Structure formats: C-alpha cells, structure tokens
Amino acid sequence: MATFMISNFHDYKQMLQYFIFVLLMLFHFYLVGNQSIREALDAMPKSEKENLERLFQDLFNRENFGYTLFGDKPMSLTDYSTTSFDSDGIPSKSGLRFQKRWEVWKKYAHAFPMTSYLLIEDPRERGSSKEILFINKKCFIDKVNEHLDLFQEALGENITGVLLLKKIEDNHQFLSFFNDHQMLLGILLGYGKHNARLFAERHQISPFVYRKEFPKVPIKIPTPSEGFPSLQEEFNSYFSVLTLFGDPKYSPLVIHSVHFVADHKHPETISLQKKYRKMRGEISAIYAKGDFLEITLSKLTED
C-alpha cells in the first residue's frame, strides 16, 4: 500500500512539474513575442512610428477594424484618396496623409507576419481612390458558409468559405466581384442579411434616381417593386427605413461605435445592436490597458 501511494505521489509530482514547465514555456513565448514587437517598433524612426500609430488609430478605431480584429465582424473596409483632390474636386490633404501612412505600413509589414488575418489593398483604383480591406479569416469562412446558398448562387456551386478566401488571397483583383454583389458585401461586413439586402436594393436603383450617377452598360432599367408607383418613391422608402446604426453619444469609450445604415425595427438589427455594444465595451477595455499600436500588432500576429 505504501509503495502504491509513493508511486502515485511521484506520478502526480511529475505531472505537476510538466504542467509548470508548459506554463513557463508559454509565458516565455508570450514575452518573446511581445518583446520582438517592441523591438521592431523601437527600431523605427520616430516619425515613421508616429505615422504607423495614426494609421492604426484610423483603421482599427475610426474605421471599425477593431471589431474584425477582436470580435466576429468578418471583414472591414475603408478607402482613401490617391490624389490631392476628392471626388468633388475639393483639395484633400487627409487622403495624401493616409496614403503616406499606408506606405509606412507596407514598408514594415514583413516584420509583423499574420496568419489569422488579411490586411490588403485592392490594386484597382476607382474614382481616384483605393480600398483597404481587413479580413478575420475564420469569421470570414464561417459567415460565407452560413449564407452559402447566396454565395453559391452568385459565384458558382463549388464555392465555399475556404475557396473564396483563397481566391482573394491569391489574386486581390478578385475583390471586384463585390461591385455587383452589394448584399454579399454587406453580409461579410457584419451588417446583417436583412440590412444588406435593403442596401443592395437601394444601390441597384440609385443610378436611375440620382442624375450624377450613370448606370452600367448595357442598361437594364428596373421597374418599381410591388407597392411602389415609381422608382423615386421606392428609393425614398429605403432612406426612411435605413437610418444610422451606431452610438455616437453612447458613453465615452476608447473605441468608436460601429456605423452603417440599418432597419432599426428588424429583430436582426436589434440583436446586432446588443452584440456590437457589448463588443465595443470589451475592445475598449483591452485598449485601455496599454499602447494602442503594440496591442493591435500583438493581436494581429497571433497564431
């Protein structure tokens, strides 16, 4: 009996020692990882580090990329002007500043390799602007598979979340498919299927209502949906239903509220409001603990 107890004690002691060893190794890797990020940042010229900090504040806070980084928002995007003038011909220094900061990121991106995320620039220039997209790979795949019937109808029956992500990774120009599929884009941006559908319908008829826009050739003039006597009235109805989603006055948190247009009476939107409010508080708490840039890069480079 004594021998059995001694044997069990030694087994338990070995297991405990192994467990402590594993914890110490994980802690070591955590410190080394953070240290390498700090070292990379410290090695940058001060001006370039400041530009990178401002870029990440723009992207991961003001443009809501943080909800894709720390939450389950599958994708986020923004655009920037590539000229000294905006689309209305007004001088735009902000676009050039953003472009300069984005160039700094491209210079140092190799020092911060990502496996779980994709931060890319659409190579096409549209209307003197370019888009930047940020993708949470797992959430992207899950969301595509959740609405697989819609994606397969648009892109072919063989498409899956994994295959669509690979197409984008292999050729960034494949992003052009979103131009004709605003509903799919809205779903991936985390706006909800209902809101994405309404926005896509409004987007489809807008060229025939706004005279500044020109429909694509060949032109197929849509007819008003049932219950609407004209495209103008249908278009106006979308504006009355789709109103600003977000909490611009909702508590002074570190992270900005998610912003898009939504049907606030729909159950899906009510659920999204609760989710994003909770997420906003959680992400703000994370960023309140330290340096914004270092925290962002640490999360970006996680396996």
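Residues numbered from 1 in each chain as written. Predicted model: local features only at pLDDT ≥ 70, side-chain atom pairs only at ≥ 80, totals over all residues. Heavy atoms only, no water.

Trainee: Quick one: what's the story with the sheet that holds strand 1 (residues 75–81), residue by residue and with numbers?
Mentor: Pairing is antiparallel across the open sheet formed by three strands, whose spatial order is 1-3-2. Looking at the sheet topology across the chains shown, the edges are occupied by strand 1 and strand 2 (117–121). The average angle at which neighbouring strand axes cross in this sheet is 10 degrees, direction not considered. Strands strand 1, strand 2 and strand 3 (129–136) of the sheet are contacted by helix 4 (residues 93–108), whose axis makes an angle of about 125 degrees with strand 1. Docked against the sheet, helix 7 (residues 161–170) engages strand 2 and strand 3, running at close to 45 degrees with respect to strand 2. (Pairing = 2+ DSSP bridges. Helix = DSSP H or I, 4+ residues; strand = E, 2+ residues; numbered from the N terminus. Axes fitted to C-alpha atoms, helices over the stretch in contact; angles between N-to-C directions. Contact = heavy atoms within 4.5 Å.)

Trainee: Tell me about unusual backbone geometry, and name the residues and values.
Mentor: With a phi close to 70 degrees, Asn64 is a non-glycine residue in the positive phi region. Along the chain, Asn64 turns up in the loop between helix 2 (46–62) and helix 3 (65–70).

Trainee: Hey, could you go over the environment of Leu185 for me, with residue numbers and the actual values?
Mentor: If you trace the backbone, Leu185 turns up in helix 8 (residues 182–188). For the pair Leu185 and Ala200, spaced 15 residues apart in sequence, the C-alpha to C-alpha distance is 9.2 Å. Once residues lying within four places of it in the same chain are set aside, the contact partners of Leu185 are Met75, Leu77 and Phe178.

Trainee: I'd like to hear about the confidence of the model for the protein, residue by residue, with values.
Mentor: For the protein, the mean per-residue pLDDT works out to 83, and 77% of the residues sit at or above 70. Low pLDDT (under 50) marks residues 18–33, which in the prediction has one contact with non-local residues, meaning those over four places away or in another chain. (pLDDT = per-residue confidence, 0-100.)

Trainee: Tell me what's going on with the pairing of strand 3, and back it up with residues and numbers.
Mentor: The element strand 3 is extensively covered by neighbouring structure, given that eight of its eight residues are classed as buried. Side chains Ser129, Glu131, Leu133 and Ile135 of strand 3 all project onto a buried face; the interleaved residues Lys130, Ile132, Phe134 and Asn136 project onto the opposite face, where all are buried too. Sheet analysis places strand 1 next to strand 3, joined by seven bridges and oriented antiparallel. Bridge pairing links Ser81 to Ser129 in strand 3. With five bridges connecting them, strand 2 and strand 3 associate as antiparallel partners. In the strand pairing of strand 3, Leu119 is matched with Phe134. (Buried < 20%, exposed > 50% of the residue type's maximum accessible area, 1.4 Å probe, protein only.)

Trainee: Can you explain the packing of helix 9 (residues 193–205) against helix 11 (residues 267–287)? Please cite residues and give values.
Mentor: The geometry of helix 9 relative to helix 11 is characterised by a closest axis approach of 8 Å and an angle of 115 degrees between their N-to-C directions. Taken together, the residues of helix 11 that come into contact with helix 9 (itself represented by Lys193, His194 and Asn195) are Glu268, Thr269 and Leu272. Taken together, the residues that form the contact of helix 9 with helix 11 break down as one nonpolar, three polar and two charged. (Nonpolar A, V, L, I, M, F, W, Y, C, P; charged D, E, K, R; others polar.)

Trainee: Explain the packing of aromatic side chains to me, using residue names and the numbers behind them.
Mentor: How two aromatic rings sit relative to each other is given by the distance of their centres and the angle of their planes. Per the counting criterion, the structure on display carries 16 aromatic pairs. Look at Phe56 and Phe60: their rings are 5.1 Å apart centre to centre, the planes differ by 40 degrees, and that puts the pair in the tilted class. Here Phe56 and its partner Phe60 are both found in helix 2, four residues apart, which amounts to about one turn of the helix. For Phe56, a relative accessible area of 0% corresponds to the buried category. (Phe/Tyr/Trp six-rings, centres within 6.5 Å; stacked < 30°, edge-to-face > 60°.)

Trainee: Go over the nonpolar core with me, naming the residues and quoting the values.
Mentor: Core analysis: the largest hydrophobic core is formed by 37 residues, its most contacted members being Leu52, Phe56, Phe60, Trp102, Trp105 and Leu297. Filtering out sequence-adjacent residues up to four positions away, Leu297 remains in contact with Ile37, Leu41, Phe56, Trp105 and Phe112. Formed by 25 residues, the second largest nonpolar core is a distinct cluster that contains Ile120, Leu133, Leu165 and Leu175. (Core = buried A, V, L, I, M, F, W, Y, C linked by side-chain atoms within 4.5 Å.)

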